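Structural features, examined
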Amino acid sequence: MEYDSLDDFRERAGYVIGDMWYPRVTSIVNIKSKPALYRYYANMPGWRAADEAKERSAEEGSRVHDAAEAVLRGYEPIIDEFTRPAVEALMEFLRNTHVKPLLVEERLVSRLHHYAGTVDLVAEVNGVIGVVDIKTSKAVYRDYGLQTAAYAAALREDPALPHPATSWVLRLDQCRTCANCSGSMRTKGGTVRVNGKGSRSCAHAWGPMTGQFEFKELADHEADFKAFLAAKDLWEWEHRDFLQRLTK
Ligand SMILES: [Zn+2]
């Protein structure tokens, strides 16, 4: 079971804002199945090892988020072995792109559609206002559009908040590149993975861990928001019993 008790559900699946409980955007979008995740589980030595690596990787991701938040607020980030390349990638992105942060790690609420979430960043990027979601995954998945569309819609409900024209994913990644075969090595949650054209016989000569960024627009705003609301309907159906007990 995803949640142990009503308290667990209340705590982890939502936010209390004022005297209202709102389901979380991240919890809602989790209802959608993720084929890439099954592939990940299938490639791991066992279920528990996969779960533990996933948890460590999520923890690494949240350290990168904290460091990125500090940088975007103009503070000195906490840098460790894992966050350093990601922070360097973020710095490089900020040097090359005109980014004016408007909101950093801000709780947003849709009173119209009844959900809440925390947006990583709302910024003016090269003159365009948009939602920026920071990810540490190895690719930008279409799924991210559900989350950013939900934040964008919540922002547009409040005349006092910046109104985004689009959404982007800023992916902060890090890997080591082989000097011989140009294969790449990533370490996520303690698991080492080698990708690329690298020939199997190559006696890899790995370079240093280097940060990289990808900044990608998610442009299907309307379709994404429609899909988010559909996910929310399904999520409410799935958690009907908890939701009924919550509103009692
Ligand atoms: Zn190699």
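Anything mentioned here points back to the structure above.
Residues numbered from 1 in each chain as written. Predicted model: local features only at pLDDT ≥ 70, side-chain atom pairs only at ≥ 80, totals over all residues.

What follows covers the overall build of the protein chain. A tally of regular secondary structure across the protein chain gives eight helices and nine strands. Taking the principal axes of the C-alpha coordinates as reference, the protein chain spans close to 65 × 45 × 35 Å. For the protein chain, buried positions account for 30% of its 248 residues. Sequence-distant contacts, at least 24 apart, represent 63% of the contacts inside the protein chain between residues at least 6 apart. (Helix = DSSP H or I, 4+ residues; strand = E, 2+ residues; numbered from the N terminus. Buried ≥ 20, exposed ≤ 12 C-beta atoms within 10 Å, placed from the backbone. Contact = placed C-beta atoms within 7 Å.)

Glancing now at the environment of F215. Tracing the backbone through its elements, the reader meets F215 in strand 9 (residues 210-218). Take F215: there are 15 C-beta atoms within 10 Å of it, and that puts it in the partly exposed class. A C-alpha to C-alpha distance of 6.3 Å links F215 and R171, two positions 44 residues apart in sequence. Not counting the four nearest positions on each side in its chain, F215 is found in contact with F93, W168 and L170.

In this section: the environment of H163. Structurally, H163 can be placed in the loop between helix 6 (144-157) and strand 6 (166-177). For H163, a count of 12 C-beta atoms within 10 Å corresponds to the exposed category. Taking the C-alpha atoms as reference points, H163 and S5, 158 residues apart in sequence, are found 37 Å from one another. Each residue touching H163, except ones within four places of it in the same chain, is listed here: I129, L155 and R156.

Of the pairings in the sheet, the one linking strand 1 (residues 14-17) to strand 2 (residues 20-23) comprises four bridges and is antiparallel in character. Opposite G14, over in strand 2, you have P23 as the bridge partner. Here strand 1 folds back onto strand 2 in antiparallel fashion, the turn holding two residues, of which G18 has a positive phi close to 65°. (Pairing = 2+ DSSP bridges.)

Glancing now at the packing of helix 6 against helix 7 (residues 221-238). Across the interface, helix 6 lies against helix 7 with an axial gap of 8 Å and an inter-helix angle of 95°. With respect to their mutual orientation, helix 6 and helix 7 come out roughly perpendicular. Between helix 6 and helix 7, the contacting residues are G145, L146, A149, A150, A152 and A153 on the first element and H221, D224, F225, A227, F228 and A231 on the second. Looking at the contact of helix 6 with helix 7, its residues break down into nine nonpolar, two polar and one charged. (Axes fitted to C-alpha atoms, helices over the stretch in contact; angles between N-to-C directions. Parallel < 35°, antiparallel > 145°, perpendicular 65-115°, else oblique. Nonpolar A, V, L, I, M, F, W, Y, C, P; charged D, E, K, R; others polar.)

Counting residues in hydrophobic clusters, the biggest one holds 42 residues, and the most contacted among them are A150, Y151 and L172. Apart from residues lying up to four places away in sequence, Y151 is in contact with V25, L108, G117, V119 and V131. (Core = buried A, V, L, I, M, F, W, Y, C linked by C-beta atoms within 7 Å.)

The next subject is the packing of helix 4 (residues 47-73) against helix 5 (residues 83-96). Close contact between helix 4 and helix 5 brings their axes to 10 Å; oriented N to C, the two are set at 40°. With respect to each other, helix 4 and helix 5 are oriented oblique. Like other packed secondary-structure pairs, helix 4 and helix 5 cross with a definite hand, here right-handed. For the pair formed by helix 4 and helix 5, the contact residues are R63, V64, A67, A68 and V71 on the first element and T83, A86, V87 and L90 on the second. Of the residues belonging to the contact of helix 4 with helix 5, the class tally is seven nonpolar, one polar and one charged. (Left-handed = near helix turned anticlockwise from the far one by under 90°.)

For helix 7, which comprises 18 residues, the first-to-last C-alpha distance of 25 Å matches the rise-based estimate of 26 Å (1.5 Å per residue) to within 8%. Every buried residue of helix 7 is accounted for by D224, F228, A231, K232 and W235. Looking straight down helix 7, one finds that the buried residues subtend no more than 105° of arc, so they occupy a single side. Facing away from the buried side of helix 7, by more than 90 degrees, are the exposed residues E222, D233 and W237. In the core, the buried residues of helix 7 are packed alongside strand 2, helix 2 (25-29), strand 4 (115-125), helix 6 and strand 9. (Expected span 1.5 Å × (residues − 1). Arc of directions from axis to C-beta.)

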